[in-house]
2 protein chains.
Amino acid sequence: MIVSLALMTGTGVAQQNPLGAFEELTDTKPRDGKEVWDKMPAPVQLEWGSTDVRYKKWNVPSGLSGTHSLRLTAWKGERVNAQAVLWTRKDLKNLRLSVGELKKGKDVIPASAVRTHFVRYVMTDELNKDGQGGCGHREDKTQWDSSLVADMLDINKTLDVKALCAQPIWLNVWVPAETQAGVYRAKLTVSADGMEALTLPFEVKVTNRLLPAPQAWKFDLDLWQNPYAVARYYQVPLWSEAHFDAMRPVMKMLADAGQKAITASIMHKPWNGQTQDHFDSMITRIKRLDGTWEFGYVVFDKWVEFMTEEVGMHGLINCYTMIPWALAFDYYDEATNRVQFVYAKPGDDAYAEYWGVFLKDFVRHLREKGWLERTTISMDERPMEAMREAIRVVRASAPELKITLAGNYHSEIESDLYYYSIAFGQKFPAEVKKAREARGQVSTYYTCCSEAFPNTFTFSRPAEAAWTILHAVAEGYDGYLRWAVNSWPVDPLRDSRFRTWAAGDTYSIYPGPRSSIRFERLIEGLQDAEKIRILREEFAAKGAKGKLRRMDEFLSHFKLEAVPEGRKNPEEPVSELHEALNRW
Amino acid sequence: MIVSLALMTGTGVAQQNPLGAFEELTDTKPRDGKEVWDKMPAPVQLEWGSTDVRYKKWNVPSGLSGTHSLRLTAWKGERVNAQAVLWTRKDLKNLRLSVGELKKGKDVIPASAVRTHFVRYVMTDELNKDGQGGCGHREDKTQWDSSLVADMLDINKTLDVKALCAQPIWLNVWVPAETQAGVYRAKLTVSADGMEALTLPFEVKVTNRLLPAPQAWKFDLDLWQNPYAVARYYQVPLWSEAHFDAMRPVMKMLADAGQKAITASIMHKPWNGQTQDHFDSMITRIKRLDGTWEFGYVVFDKWVEFMTEEVGMHGLINCYTMIPWALAFDYYDEATNRVQFVYAKPGDDAYAEYWGVFLKDFVRHLREKGWLERTTISMDERPMEAMREAIRVVRASAPELKITLAGNYHSEIESDLYYYSIAFGQKFPAEVKKAREARGQVSTYYTCCSEAFPNTFTFSRPAEAAWTILHAVAEGYDGYLRWAVNSWPVDPLRDSRFRTWAAGDTYSIYPGPRSSIRFERLIEGLQDAEKIRILREEFAAKGAKGKLRRMDEFLSHFKLEAVPEGRKNPEEPVSELHEALNRW
């Protein structure tokens, strides 16, 4: 902590909101002494590692395969990951990575399908002391252990690496859908100024199966987007062209994970400003002096059009929220020339009036835009009576609008909820799930700060991200929800901790945008979920009961009952299932 | 102080924002002991007093005339004041006042022309310790002496008076213009439960001269109005019908003093929120997402129409301000859904753009409303370069608009200023004053917290209010300006102190509305100024040089050179001139 503070103050001021090169923080964890590094057979070494491991920065990596070759298997259209580790006992200047095209005779997977990244170290913390999750305030950072952890996949093309450090390298190949089946070979080359280039060969075996493009995936993924964080971090005016330019690649990265739902905020601080950058209303409400309301949809429209047309998200437009944690509803007041708040709770006349008038106009507008079918009024868990009242107001003023909830399971209102995401550990009763399917309703689950396992904190084991998705499949949910994907803390490239909740809870895509081990492993789970769906359909059509049973056996390791076992060793069931899916 | 705090807390909580009956605070000043009160020839006494005196609450009044009759002299159309004092050594319940019509044979001045008031006691403080004025912060009230002072003229019709207290009574007769000259007689009756009514006869001698109605007065009075204070104190929504209902009598009281100029605010906190209730913009500015501006005049129009048509103020519409003390200019921003600020100083491009675009639209709007001739862009004293830049922007974008300044005298810009009010003690050079008259420009002076004398703090001597106006006449100014007439502090009916400046600086009209000794004596000065103008014209037309010279002699006591003498004894020159004006 002392060191990181030093970086933030005095002469060593860290660059604010970096987008390009940046220096990592440092920690005070024990590190291998020079005597350990001196045992290296060469000053710099490079080997294939595992995507399950967050290699430590200050230690000679252990548990490596010792072999220099690697075979990955992929369906056509699938993305596959690998991790290599370099470690050095001398300073390296301008370390850089390259992979050419992958070749199989005359057939190639082009170099443009390959991404290489330096895996960068960010500050993380830990679970709560009782090991029971990561919720609660953490303003006093000294109360939690802090350490550097390998998570972010950098986009910078060169990096200086200090002596006595490990530097992991991430490899991702997105096999084009039109690739011919067969084994493609290439090598990863790592060079640096004054260093003889090191290489690691690898091959990708492309099977004859086709994974559809993410836009066609059936798994319902909802990771909430935060446009306000992007404007702040990139220091661009909200909703300006520069803001959309900054958001475009972030949101495309998310679309490439199969995201289709758009997060929209229709009031000030729908979540009481719980993120570093609070959400504001994308819809303006002006109360004229004569008491009439004027609603403005310019920002909302621009955001939805951008996400739909430019990013390609054609799913729900989830509007937060009619029942925020703090029941204060904003508007611009012509009389006072100020933003004012209506303080009203569901059930109050003022609540019904504020929302009723708006919802009628909103429906009119959505119909005009052709978005009425897609738009939902979205709620978080609130007292039952409040949720019921909100539903009543929607039903009365805008029965066309869908309603969603992320919260606990409540039998009283489940049939009202077009989309219902329930907390990890809770289940839709079988007949309810069936009835919801019959009604065309979507039933998912979510994780947040509550879960010690599975989770995607920056200190969570990489395989947990895949486990999280496979849990949804195993338990028969239609998808998975997480409340934040880019709600960046103050200094997200260097420090994943936040004033509340365990580090990394608020984001898995970094500014740049930069992916993360967590985000890539989440995509792996999403791909596997899609592959399971495809294979199950095929097996069912063919009457391959043995294979269906075998699939169920694999999936049994991701059920609620398997959590204790999964927490001890999430990697094994994930990789066993992953490999099986490639064999079938 | 301890007592007043006790009133505000615990079980003895004072009624918040009273409009009707209320209890006065109390002080810890020395008071006459029972032995003094026991010398009273009767348990309750009533005598005519003087309008020059703030009678002490806790003392047997001294210096009374001892006679029970009173003769006032008035022009037709003039208002005349008198003060009686009641003092008692027993508790009085439901004290009440009455005056019937004033009679002269068959001729009458109707009872409706007569006002009677209990003079109420409010908490005041004192000048700064150096005796040099009342400017500066006073948050720590213990640093200034505090005492009750008779100032407010209550509108409540009954009052309980405790034993061993004085209770002054104010009488005002507004002689109707159509009154026949002659002596009118009536009596003031004071009664209370279980007390034999006490009476004081009085007469008003009406001369044959006519004082025009206040709307026709030539003296340029500008006391700044604060609509925001009214909304807060009356607890009514800003610009609602209830708000206008509350303001109507306040503003009419001011119009009856000859006020014609309307105070309008065209930005947030033109004076950096220096009053208890800061001014906000009466004009809305919405910055659309596409960068265009939309200006809203609904509030501005409603205020100006109200003041013009309902209250009868047909003078300047003074718009504050383009160069506020804090150079932050507000607008409602569609992108962020919040009120934002442009931070720009005169000379900046952003300043010229913010104001230039607005002023063009403002001129268009004012022309439509027929107000272009009346409207001014009003400034306070700012650095010369800032004032020049602001003038440049007005000249460039809206040359039709008049410009006003209240500040120090600056020869560099005086010709640009249609209305120019300079600080007490400063003078327009004779040739400049003449040139300004020739150009039809108005030249006045102002007082504020700076002046130990003359002033209208609640502890100022009542005659100072009249002296202030007569000073303007004596020095050849066209009028007088004061920056506040109803910028009420937190509890204006009970406590005239404010967090800054000597008590009473911020208001002379109380909620209710209630007049004050200060306000009535100011009107006396204004009437005398008008009478001087009329008489001078008459004397000049008649070539009555002796009378003109005599007038100048009277007025010499109100010149700057006469301040030391005036401070010692302001009453004598005021009353001598007043009487002379009635004799001529």
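Residues numbered from 1 in each chain as written. Chains lettered and ligands numbered in written order. Predicted model: local features only at pLDDT ≥ 70, side-chain atom pairs only at ≥ 80, totals over all residues. Heavy atoms only, no water.

A. Seen up close, the interface of chain A and chain B. On the side of chain B, 25 residues touch chain A, which itself brings 25 residues to the contact. Both sides of the chain A and chain B interface together cover about 2,000 Å² of buried area, and 57% of this is carbon and sulfur. Of all residues in chain A, L289(A), Y332(A) and R338(A) give up the largest surface area on contact with chain B, accounting jointly for 28% of the area buried on that side. At the boundary of chain A with chain B, the tally comes to six salt bridges. Between R338(A) and D330(B) there is a salt bridge, with the nearest N and O atoms lying 3.1 Å from each other. Run the count over chain A and chain B and you get 12 residue pairs in polar contact (both at pLDDT 80 or more). (Contact = heavy atoms within 4.5 Å. Buried area = accessible area lost by both parts, 1.4 Å probe. Salt bridge = Lys/Arg side-chain N within 4 Å of Asp/Glu carboxyl O. Polar contact = N/O pair within 3.5 Å; in protein donor to acceptor, adjacent residues only side chain to side chain.)

B. A look at the pairing of strand β16 (residues 293-296) of chain A. Residues and elements named next belong to chain A. The sheet contact formed by strand β15 (residues 284-287) and β16 spans four bridges and is antiparallel. Across the sheet, residue T284 finds its bridge partner in β16, namely G296. What sits between the antiparallel neighbours β15 and β16 is a turn of five residues, in which G291 has the positive phi angle 95 degrees. (Pairing = 2+ DSSP bridges. Helix = DSSP H or I, 4+ residues; strand = E, 2+ residues; numbered from the N terminus.)

C. Examining the relation of the copies chain A and chain B more closely. Laying chain A over chain B is done by rotating through 180 degrees and shifting 0.1 Å along the axis; what remains is an RMSD of 0.0 Å. Here the copies are linked by what is in effect a two-fold axis. When C-alpha distances to the rotation axis are compared across chain A, the minimum falls at V339(A), with a value of 3.3 Å. (Least-squares fit on C-alpha atoms with pLDDT ≥ 70 in both.)

D. Representation of the side chain of T124(B) in the model. All names here are of chain B. Mapped onto the fold, T124 is located in strand β7 (residues 114-124). Take T124: its relative accessible area is 1%, and that puts it in the buried class. If we skip the residues at most four places from it in the chain, T124 touches D145, S146, S147, V149, T458, F459, S496, R497 and A503. (Buried < 20%, exposed > 50% of the residue type's maximum accessible area, 1.4 Å probe, protein only.)

E. Fine view of unusual backbone geometry. Residue and element names in this part refer to chain A. For the bond running from F453 to P454, omega is -10 degrees, close enough to zero to count as cis. Residue placement: P454 occurs in the loop between β23 (442-447) and α9 (463-474). Although it is not a glycine, K269 sits at a positive phi angle of roughly 55 degrees. For K269, the location among the structural elements is in the loop between β14 (262-265) and β15. The phi angle at N337 is positive, at roughly 65 degrees, despite the residue not being glycine. Secondary-structure assignment places N337 in the loop between β18 (328-333) and β19 (338-343). Judged by its relative accessible area of 3%, N337 falls in the buried class.

F. Looking closely at the packing of helix α5 (residues 298-311) of chain A against helix α6 (residues 349-369) of chain A. Residues and elements named next belong to chain A. The interhelical angle for the contact between α5 and α6, taken along N-to-C directions, is 40 degrees, at an axis separation of 13 Å. Taken as a pair, α5 and α6 cross one another with a handedness that is right-handed. Touching F300, D301 and E305 of α5 are F362, H365, L366 and K369, all from α6. In terms of residue class, the contact of α5 with α6 is built from three nonpolar, one polar and three charged. (Axes fitted to C-alpha atoms, helices over the stretch in contact; angles between N-to-C directions. Left-handed = near helix turned anticlockwise from the far one by under 90°. Nonpolar A, V, L, I, M, F, W, Y, C, P; charged D, E, K, R; others polar.)

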